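Structure at a glance
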Amino acid sequence: MKLINRPAALIITALAAIPSILGQTKGRDTELTYIMPEPYEVHKIVPPKGNKVKNVILMIGDGMSLAHIASAWSANHGKLFVENAEVTGLSKTPCLDQLVTDSGAGGTALASGKKTKYHSVGVDGEGNPAKSLVEYAADNGLASGVAVTCRLWDATPADFCCHVVDREEEDKIMAQYVDTKADVVVGPGWSKMINRADGRDLFKELQAKGFSTPRSLDEFDAIKSGKVFCVTDSFDTKLPAERGDYLAHASLKAIDILKNNPKGFFLMIEGSQLDDYGHFNDIDLLMQETHDFDRTIGAIFDWAAKDGETLVVVTADHETGGLTLIDGDLEQGKIVCKFSTGGHSGTMVPVYAFGPGAERFTGLYDNTDVALKIMELLNLK
Ligand SMILES: [Zn+2]
C-alpha cells in the first residue's frame, strides 16, 4: 500500500472499524466548536414541472443524518442547497442481522432493494448476488454509473458494482469491476488495480473490455462517449479543502457521458468521507465534507432542473458518530456539537427528493424501498 501523498488523517480510515481507538481520542462527549470560515451562497432551484422520469440520480451521503444536515445548515448561516428538494422522507436502516448497519449492508439495501447481513456487499442474506440498480439499468438498456470520493473497493461504490460476502475481500472487490455493467465509474483507488498479488493489471483488462481509462478529471473531460473507468488517486481523494469541486465535476462529467443513451440513465453519487470524519469525531472535516456534498447536490439539482426528466434522490446508508448539535449561532455560522460514538448509530436517516416522481419518497419506510421505488419509476424489470 502506498502512503505517499495521502493525507495522514486518511491512513486512519483503515482503523475506522476499531471504535475504541477512534472517538475517544478526539471528541467523544466533548463539546466541539466549529465556525464556518467562508459561508457559500445558495440559490433557489425550482424543480421541473413534468412527470416523466427518464433518469434517476441517487446521492448518498455516507453516514449523513438529520443532525449532520442541521449542523451544516447552521454553520452555513442557515442555508443549504438540499433545501431545494420539495419532498422529504425517512429511511429505516437496520440490516438483516444487526440493528445498526454498516455501509456494506446499508448500501446493498439502497442498491438492490434487499436487506442483507452486516459487512456483506451486493449479496443477499444467503450470499447470492443481489442485482443492483446499476445492473438493472444496464439489463433494461439504460446507461448507468457511479461517482465517488472514496477508494472504489470501499463498501458503497462496491454495493452497486460488485458482489462479495465480506467487505474485507478488497482485492476481489476491485477485480470484480472488470465485469461491471456500469458505463461510467469515476473515483480514486488505483493502488489495487496494478501491482496486485495475483499479477493482474486491471487497467489493461478494462481497456480490453472497451473502457477508456483516464487517470485524472482533466483526461476524463476530453472523452465524449463510450465506456469510461476513471481512477484519479491511489487511495482516497484528497481532503475536501484540497480537491476543489472534485465530486461535482466528476458527477457532471459522468452525466455528460451517460446522457448519450436515449433510453435514460441511473447514476449513484456518493459523498463518501462524511463517514470517515464521523468515525474520527472530527467536526471540522465532517462539516467540510458535508458542505462539499451539499454544493454537489446544488450542481446536480441545477442540472436536473434544466433537464426536466431527471429525479434526484438524496439519502444516507446510516448515521455515523452519534452527532448531536447542542448549541451555536446562525449569524456567526457557529455550531457546538458532541459525538456519542466512534461507530455508527441506529437513527433513521433523511431522504430528499427533487424532480419528477419525488412525491413517491414522502413518508417513513425501509431503506430497501428507496431502491424499489426507483426500479418502479424507471420501469426496471
Ligand atoms: Zn456508510
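Throughout what follows, the structure given in this document is the object of discussion. All residue numbers here refer to positions counted from 1 along the written sequence of the relevant chain. Reporting in this predicted model follows two pLDDT cut-offs: at least 70 for local features of residues, and 80 or more for side-chain atom pairs to be given and counted; totals over whole chains, interfaces and linings ignore these cut-offs and use all residues. Heavy atoms throughout the structure, all of them, feed into the side-chain values; hydrogens and water do not.

**Here's the deal with the packing of helix H9 (residues 246-258) against helix H11 (residues 283-307)**
Taken N-terminus to C-terminus, the directions of H9 and H11 make an angle of 25°; their axes are 9 Å apart at the nearest point. Taken together, H9 and H11 sit at an angle that is classed as roughly parallel. Note that H9 runs across H11; the crossing there is right-handed. Contact residues: H9 offers Leu247, Ala248, Ser251, Leu252 and Ile255, while H11 offers Asp292, Phe293, Thr296, Ala299, Ile300 and Trp303. Residues were grouped as follows: Ala, Val, Leu, Ile, Met, Phe, Trp, Tyr, Cys and Pro as nonpolar; Asp, Glu, Lys and Arg as charged; and all remaining residues, including Gly, as polar. Looking at the contact of H9 with H11 residue by residue, the classes come out as 8 nonpolar, 2 polar and 1 charged. Note on geometry: axes are C-alpha line fits, over the in-contact stretch for helices, and angles between N-to-C directions span 0 to 180 degrees. Elements are defined by DSSP. Helices are runs of H or I of four residues or more, strands are runs of E of two residues or more, and each kind is numbered from the N terminus. Just so you know how the angles are binned, under 35 degrees is roughly parallel, over 145 roughly antiparallel, 65 to 115 roughly perpendicular, and the rest oblique. Helix crossings are classified by the rotation of the near helix relative to the far one: an anticlockwise turn of less than a right angle makes the crossing left-handed, while a clockwise turn makes it right-handed. By definition in these notes, contact holds between two residues if any of their heavy atoms fall within 4.5 Å.

**Concerning the sheet that holds strand E6 (residues 211-212)**
Pairing in this open sheet of 10 strands is mixed, and the strands run E6-E7-E5-E4-E8-E2-E9-E14-E3-E15 from one edge to the other. The two strands at the open ends of the sheet, each matched to only one other strand, are E6 and strand E15 (363-366). Think of it this way: DSSP has to see at least two bridges between two strands before they count as a pair. With 4 bridges connecting them, strand E5 (residues 184-187) and strand E7 (residues 227-231) associate as parallel partners. For valine 184, the partnering residue across the bridge sits in E7 and is valine 228. Lying on the sheet, H9 is in contact with strand E2 (55-61), strand E4 (143-148), E5, E7 and strand E8 (265-271); it crosses E8 at an angle near 170°.

**Some thoughts on the sheet that holds strand E1 (residues 32-35)**
A sheet is described by the order of its strands in space; here 3 strands give the open sequence E1-E12-E11, paired in antiparallel fashion. Among the strands making up the open sheet, the edge pair consists of E1 and strand E11 (324-329). Adjacent strand axes in the sheet meet at a mean angle of 25°, parallel and antiparallel pairs treated alike. Bridge count for E11 against strand E12 (residues 334-338) is 5 bridges, and the pairing is antiparallel. Bridge pairing in E12 links leucine 325 to cysteine 337. Those strands touched by helix H2 (residues 66-75) are E1, E11 and E12, and its axis lies near 155° from that of E12. Against the sheet, H11 engages E1 and E12, with an angle of about 40° to E1.

**So, the coordination of the zinc ion**
Water is absent from the atoms considered, so a metal site may look incomplete; donors are defined as N, O and S atoms within 2.8 Å of the metal, or 3.2 Å for Na, K and Ca. In this structure, Asp62 (OD), Ser103 (OG), Asp317 (OD) and His318 (NE2) serve as the protein donors to the zinc ion, at separations of 1.8 to 2.2 Å. Taken together, the 4 donor atoms surrounding the zinc ion define angles of 99 to 126° at the centre, an arrangement classified as tetrahedral. The motif formed by the donor residues of the zinc ion, counted along the single chain, is D-x40-S-x213-D-H. In this pair, serine 103 sits in helix H3 (residues 103-112) while aspartate 317 sits in the loop between strand E9 (310-315) and strand E10 (319-320), placing the two residues 214 residues apart along the sequence. For the pair shown, serine 103 and aspartate 317 are each scored as buried. Every angle between 85 and 135 degrees makes a four-donor site tetrahedral, while opposite donors more than 155 degrees apart, with all other angles between 65 and 115, make a four-donor site square planar and a six-donor site octahedral; other sites are irregular. Exposed residues in this analysis have more than 50% of their type's maximum accessible area, buried residues have under 20%, and partly exposed residues fall in between, with area computed by a 1.4 Å probe over protein chains only.

**As for the environment of threonine 315**
The topology assignment puts threonine 315 in strand E9. Threonine 315 sits in the buried class, given a relative accessible area of 0%. Each C-alpha atom, one on threonine 315 and one on valine 370, is 9.0 Å from the other, the two residues being 55 residues apart in sequence. Here the side chain of threonine 315 touches proline 350 through a polar contact of 2.8 Å, landing on its backbone oxygen. For this analysis, a polar contact is any N or O atom pair within 3.5 Å, provided that within protein one partner can donate a hydrogen and the other can accept it, and provided that sequence-adjacent residues contribute only side-chain to side-chain pairs.

**Remarks on unusual backbone geometry**
At histidine 77, a position not held by glycine, the phi torsion is positive, near 60°. Of note, histidine 77 is situated in the loop between H2 and strand E3 (87-92). Exposure remark for histidine 77: the relative accessible area of 30% places this residue in the partly exposed category. Of note in the backbone geometry, asparagine 195 takes a positive phi value of approximately 55° without being a glycine. For asparagine 195, the position within the fold is in the loop between E5 and helix H7 (202-208).

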